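Reading the structure
Residues per chain are reported as follows:
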Amino acid sequence: MSDAPNMFSDGKAYEKMMGRWSRIVGASFLDWLAPASGQRWLDSGCGNGAFTEEIIARTAPASVDAVDPSEGQIAFARTRPATQLAKFAIGDAQNLAFLDDSFDVAIMALVIAFLPQPEKAAAEMRRVVRPGGLVATYMWDIEGTGTPLTPMADALTAMGLTPGVVPNPPASGLEAMRGFWGGAGLLEVETKVIGLTVRHASLDEFWDSNFVAVGPMGAMFAKMGKDEQQQLRARLAEQLPIASDGSIAYERFVNAVKGKVPH
């Protein structure tokens, strides 16, 4: 698989950095899917369980299986009180350890651009979902507006540093997603763009949320001395859209795709 297990090994830090945005976007994504209640769900690449929690809260599922390659993320996911219905396990989105037709719905949340072979993940979700069932994903529009962390990457670049990036940015595009879903033989394929306003009360909050040793930039942050950290904060102060009250707000978008398994 990719380096995702190493990039995202700290579920608590990931929650602070990205989990809250995942939940907000995930709620809109689930509204778009409009699934029936009482279904069997697969959350493929579940991370720390942020989206798994939304599935349980919003869809009244019969069951939820959730897999991720990171032991740290799975361990954190299991601590969430609202995910007790879910069965969490170590697993690879590109090689799912489930029988054919095991689920009614399979989704991936903010995963596809971390996979070297997204088409395999699409094919695997189709395989484990029953005929007539639903397969869907969403991902930050990396090559368009970027992610909630893009301001941090821009500041690092301005310092002459090379920030870590997701391995497969083109996979986040709408047309790429449509191609993966069509290539997997899914029908009634639809795409959607979902917007989000990223908000922080202050530069301090932005820093505390995003300067964490997790994700593609985490290894770089872990090695930074105090001088470099101060330089990075100064760049952020210059580049972020900071309002007169000190708050920060900017728009980000995710691309989403859904399709049905043929009968």
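Sequence order as written defines residue numbering, which begins from 1 separately in each chain. In keeping with the predicted nature of the model, local features appear solely for residues at pLDDT of at least 70, side-chain atom pairs appear and are counted solely at 80 or more, and the whole-chain, interface and lining totals rest on all residues. With hydrogens and water stripped out, all remaining heavy atoms of the structure feed into the side-chain values.

As for the pattern of salt bridges
What counts is decided by this rule: The term salt bridge refers to a pairing of a side-chain nitrogen on Lys or Arg with a carboxyl oxygen on Asp or Glu at a separation within 4 Å. What counts as a helix is a DSSP run of H or I of at least four residues, what counts as a strand is a run of E of at least two, and both are numbered from the N terminus. Categorising residues by exposure relies on relative accessible area from a 1.4 Å probe, with only protein chains included: less than 20% of the type maximum marks a residue as buried, more than 50% marks it as exposed, and the intermediate range marks it as partly exposed.
Scanning the entire structure with this criterion turns up nine salt bridges. For Arg80, the salt bridge identified is with Glu53, shortest N-O distance 3.2 Å. Of this pair, Arg80 sits in the loop between helix 4 (71-77) and strand 3 (86-90) while Glu53 sits in helix 3 (residues 50-59), and the two are 27 residues apart along the sequence. No difference in accessibility class separates Arg80 from Glu53, as the two residues are buried. Ionic pairing is found between Glu188 and Lys260, a salt bridge with its closest N-O pair at 3.8 Å.

Quick notes on the pairing of strand 7 (residues 248-260)
Rule in force here: In short, DSSP must find at least two bridges between two strands for them to pair.
Summarising the sheet, strand 5 (residues 129-140) and strand 7 pair through seven bridges and their orientation is antiparallel. What sits directly across from Val135, in strand 7, is Gly259. When strand 6 (residues 187-200) meets strand 7, the two strands line up antiparallel, connected through 12 bridges. Its bridge partner lying in strand 7, Val198 is registered against Tyr250.

Re the packing of helix 8 (residues 203-210) against helix 10 (residues 226-239)
Keep this limit in mind: Axes here mean lines fitted to C-alpha atoms, for a helix over just the part in contact, with angles spanning 0 to 180 degrees between N-to-C directions. For classification purposes, an angle smaller than 35 degrees is called roughly parallel, one larger than 145 roughly antiparallel, one from 65 to 115 roughly perpendicular, and anything else oblique. The sense of a crossing depends on the near helix, which, turned anticlockwise from the far helix by less than a right angle, makes the crossing left-handed and, turned clockwise, makes it right-handed. Note on contacts: a residue pair is in contact if any heavy atoms of the two residues lie within 4.5 Å.
Interhelical geometry of helix 8 versus helix 10 gives an angle of 125 degrees and a closest axis separation of 11 Å. Comparing their axes, helix 10 and helix 8 come out oblique. Helix-helix and strand crossings are classified by hand; for helix 8 and helix 10 the assignment is right-handed. Counting all contacts with helix 8, which are made through Leu203, Asp204, Phe206 and Trp207, the residues of helix 10 involved are Gln229, Leu232, Arg233, Leu236 and Ala237.

Here we look at helix 8
Our working rule: Relevant arc is that of directions from the helix axis to the C-beta atoms, nothing else.
Among all positions of helix 8, only Leu203, Phe206, Trp207, Ser209 and Asn210 are buried. Relative to the axis of helix 8, the buried residues are bounded by an arc of 170 degrees and lie together on one face.

A word on the environment of Ala219
Looking at where Ala219 falls in the secondary structure, it is placed in helix 9 (residues 218-223). A sequence separation of 190 residues divides Ala219 from Phe29, and the C-alpha atoms of the two residues are 31 Å apart.

Regarding the side chain of Thr59
Structurally, Thr59 can be placed in helix 3. Here Thr59 falls in the buried class, since its relative accessible area comes to 4%. In this structure, Thr59 is in contact with Leu30, Pro35, Ala36, Ser37, Gly38, Trp41 and Glu54, ignoring residues within four places of it in sequence.

Examining the sheet that holds strand 7
Spatially, seven strands are ordered 3-2-1-4-5-7-6 in an open sheet, and the strand pairing comes out mixed. With one partner strand each, in any of the chains shown, strand 3 and strand 6 form the two edges of the open sheet. Averaged over all pairs of adjacent strands, the angle between strand axes in this sheet comes to 20 degrees, irrespective of strand direction. Packed onto the sheet, helix 5 (residues 118-128) meets strand 1 (40-44), strand 4 (103-109) and strand 5 and runs at close to 150 degrees relative to strand 5.

Section: the confidence of the model for the protein chain
Detailed reading of the predicted coordinates is not advisable wherever pLDDT is low. Note the following rule: Within a predicted model, pLDDT stands for the predictor's per-residue confidence, ranging from 0 to 100.
Chain-level pLDDT for the protein chain is 92 on average; 95% of the residues reach the 70-or-more range. Note on residues 1-8: pLDDT is under 50 here. Beyond four places in sequence and across chains, it has 23 contacts.

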